[in-house]
Amino acid sequence: MHRKSTLDVRIKSIKQETATIKRFTLQELNGSKLPPFSGGSHITTHLPKESGTLERSYSVFNLSEPGLIEIAVRLAKPSTGGSDYWHHRVSEGDVLKISYPKNHFALSFQAKHHVFYAAGIGITPFLSMMADLAEKEQPFELHYAAKSKEQCAFYDHLNENYPEHCHFYFSEGEKPKRLTVNLLKNHRIGTHVYFCGPEKMIQEFTNAAKSFGYPAFNVHYERFAPPVKKDSVPFGITLKKSGKHFIVPTEQSLLDVLHQNGIDVPYSCRVGGCGTCEVKVAEGEIDHYDSFLTDDQKRSNLAILSCVSRGKGNLVLDL
């Protein structure tokens with residue numbers, strides 16, 4: 001998201017869902033309703049820090065009263081700042097800035113059946129999706145993996161509201177049961193599958209769906225962290241219109257460097273999933289790490305998603 005159109009919200013309540021996951025309920029300052037959102041939507045939160053604003057995105061849902069927005073945050077180890085801030089520096093009554101809800105992980109209107117695969121905190125986007133589908137009386141099922149029932153966030157809510165739709169897989173305990181890609185073989189034609197969880201899980205299930213013959217447009221996934229880049233190295237960029245040259249260091253993205261030098265490129269997800277930060281490339285080869293461009297578009301080397309992808313050597317940007 002480009003830096004505009006934020007909302008001030010108050011933390012109405014904080015609930016400990018599991019030992020490592022907290023649920024935060026957000027309300028409008030003057031008591032009016034927060035903007036509505038569709039299933040799979042997320043917000044970007046703007047967390048004030050001494051070194052500047054920390055932006056983190058979270059799926060939104062609402063398990064309480066109308067007009068509120070809720071998020072769930074897992075305390076990561078190690079944390080890159082976002083989860084540590086939410087767990088240790090946010091209290092009830094605090095006021096923070098958030099973006100308006102956005103949706104890059106929407107339900108497909110073409111699906112005859114929706115099947116959700118979640119692991120850990122990956123359950124959060126499916127909470128709003130299931131609520132939308134249940135209201136419309138459309139078919140769906142959830143396959144949800146966690147280490148144990150105690151570490152399974154929203155277990156009671158899911159069992160109470162969707163008992164016939166939910167299947168749980170606990171890897172610890174007396175009768176451990178694991179979530180496997182073989183389940184993908186059991187869905188009828190017209191099914192759309194949705195994956196959310198750790199990067200390894202998303203990659204495994206996405207690759208399996210492709211190998212089992214799922215059409216690409218039947219497979220959807222959501223990530224809130226950029227994909228891990230192997231052997232990332234610095235690269236140069238040259239702006240075609242001005243001739244200016246910059247270096248993109250290993251620890252920064254092309255988007256970061258462009259913004260630092262006054263190049264106003266819009267952005268939204270920051271994980272290569274929405275296409276907002278696409279920049280045209282005039283010359284050079286690209287290491288693509290996004291999930292937005294098609295294979296043909298990637299092979300053409302004519303565009304780069306500046307939030308995640310990198311150059312092989314120098315790139316000439318059409319800027």
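Residues numbered from 1 in each chain as written. Predicted model: local features only at pLDDT ≥ 70, side-chain atom pairs only at ≥ 80, totals over all residues. Heavy atoms only, no water.

With reference to specific residues and values, describe the environment of Lys 77.
In this structure, Lys 77 sits in the loop between β5 (69–74) and α1 (82–89). The spatial distance from the C-alpha of Lys 77 to the C-alpha of Thr 250 is 22 Å, given a sequence separation of 173 residues. (Helix = DSSP H or I, 4+ residues; strand = E, 2+ residues; numbered from the N terminus.)

Pulling in residues and values, what's your account of the environment of Asp 264?
With respect to the helices and strands, the residue Asp 264 is situated in the loop between α5 (254–260) and β14 (278–287). According to the relative accessible area criterion, Asp 264 is exposed, its value standing at 56%. (Buried < 20%, exposed > 50% of the residue type's maximum accessible area, 1.4 Å probe, protein only.)

How would you sum up the nonpolar core? Please name residues and give values.
Counting 28 residues, the largest nonpolar core has Phe 116, Ile 123, Phe 126, Met 130, Leu 142, Tyr 144 and Leu 158 as its most contacted members. Those elements that place two or more of their residues in this core are β7 (113–119), α2 (124–136), β8 (140–146), α3 (155–161), β9 (166–170) and β10 (191–196). Broken down by element, this core gets its largest block of residues, five residues, from α2. Ignoring sequence-local partners within four residues, the contact set of Phe 126 consists of Phe 105, Phe 116, Tyr 117, Ala 118, Leu 142, Tyr 194, Phe 195 and Cys 196. One finds Val 257, Leu 258, Tyr 267 and Ile 304 within the second-largest nonpolar core, a separate group that totals 22 residues. (Core = buried A, V, L, I, M, F, W, Y, C linked by side-chain atoms within 4.5 Å. Contact = heavy atoms within 4.5 Å.)

Could you give an account of the packing of aromatic side chains, naming the residues involved and the relevant values?
Each aromatic ring pair is summarised here by two numbers: the centre-to-centre distance and the angle between the ring planes. Under the criterion given, the structure shown has 16 aromatic pairs. Consider the rings of Tyr 58 and Trp 86, whose centres lie 6.1 Å apart with planes at 85°: the pair is edge-to-face. Of this pair, Tyr 58 sits in strand β4 (residues 52–59) while Trp 86 sits in helix α1; the two residues are 28 residues apart in sequence, bridging distant segments of the chain. Take Tyr 58 and Trp 86: they sit in the same class, and that class is buried. With 6.1 Å between their ring centres and 45° between their planes, Tyr 144 and Phe 168 make a pair best called tilted. Of the two residues, Tyr 144 is situated in strand β8 and Phe 168 in strand β9; the sequence distance between them amounts to 24 residues. Cluster of aromatic residues (ring-pair linked, three or more members): Phe 105, Phe 116, Phe 126, Phe 140, Tyr 162 and Tyr 194. The lysine or arginine in question, Arg 270, covers the ring of Tyr 267, its NZ or CZ lying 4.5 Å from the ring centre. (Phe/Tyr/Trp six-rings, centres within 6.5 Å; stacked < 30°, edge-to-face > 60°. Lys NZ or Arg CZ within 6 Å of the ring centre and 35° of its normal.)

So what about unusual backbone geometry? Which residues, and what values?
We note that Phe 154 has phi near 65°; this positive angle belongs to a residue other than glycine. Mapped onto the elements, Phe 154 comes out in the loop between β8 and α3. Residue class for Phe 154 comes out buried when judged on its relative accessible area of 4%. Positive phi, close to 60°, is recorded for Asn 301, a residue that is not glycine. Looking at the secondary structure, you find Asn 301 in the loop between α6 (295–300) and β15 (303–305).

Tell me about the environment of Trp 86, and please be specific about residues and values.
Residue classification places Trp 86 among the buried positions, given a relative accessible area of 1%. Contact partners of Trp 86, with chain neighbours within four places excluded, come to Ile 11, Phe 24, Thr 45, Leu 47, Tyr 58, Ile 71, Val 73 and Leu 96. Side-chain polar atoms of Trp 86 contact the side chain of Tyr 58, separated by 3.5 Å. (Polar contact = N/O pair within 3.5 Å; in protein donor to acceptor, adjacent residues only side chain to side chain.)

I'd like a description of the pattern of salt bridges, backed by residues and values.
Evaluated as defined, the whole model comprises nine salt bridges. Here Lys 312 makes a salt bridge to Asp 287, at a shortest N to O gap of 3.8 Å. Taken together, the residues span a long stretch of sequence, with Lys 312 in strand β16 (residues 310–317) and Asp 287 in strand β14 at a distance of 25 residues. Overall, Lys 312 belongs to the partly exposed group, its relative accessible area being 45%. For Asp 287, a relative accessible area of 29% translates into the label partly exposed. Where Arg 299 meets Asp 296, a salt bridge forms, and the shortest distance between an N and an O atom there is 2.4 Å. With Arg 299 and Asp 296 both in helix α6 and three residues apart, this pair spans about one turn of that helix. Comparing Arg 299 with Asp 296 shows no difference in burial state: the two are exposed. (Salt bridge = Lys/Arg side-chain N within 4 Å of Asp/Glu carboxyl O.)

Which residues make up the sheet that holds β9, and what values do they have?
Read from one edge to the other, the open sheet built from five strands follows the order β9-β8-β7-β10-β11, with strand pairing classed as parallel. Since the sheet does not close on itself, it has two edges, and those belong to β9 and β11 (219–222), each with one partner. Looking at each pair of strands side by side, their axes are set apart by 15° on average, direction ignored. Two elements, β7 and β10, share six bridges in a ladder whose sense is parallel. Looking at the pairing, Phe 116 lines up with Tyr 194 of β10. Each of β7, β8 and β10 is contacted by α2, which is oriented at about 155° to β7, the strand it contacts most. (Pairing = 2+ DSSP bridges. Axes fitted to C-alpha atoms, helices over the stretch in contact; angles between N-to-C directions.)

Explain the side chain of Arg 223 residue by residue, including any values.
Topologically, Arg 223 is positioned in the loop between β11 and β12 (235–239). Looking at Arg 223, the relative accessible area reads 9%, which means it is buried. Side-chain polar atoms of Arg 223 contact the side chain of Glu 199, separated by 2.7 Å. Every residue in contact with Arg 223, bar those within four places of it in the chain, is listed here: Glu 199, Ile 202, Gln 203, Val 271 and Ser 291.

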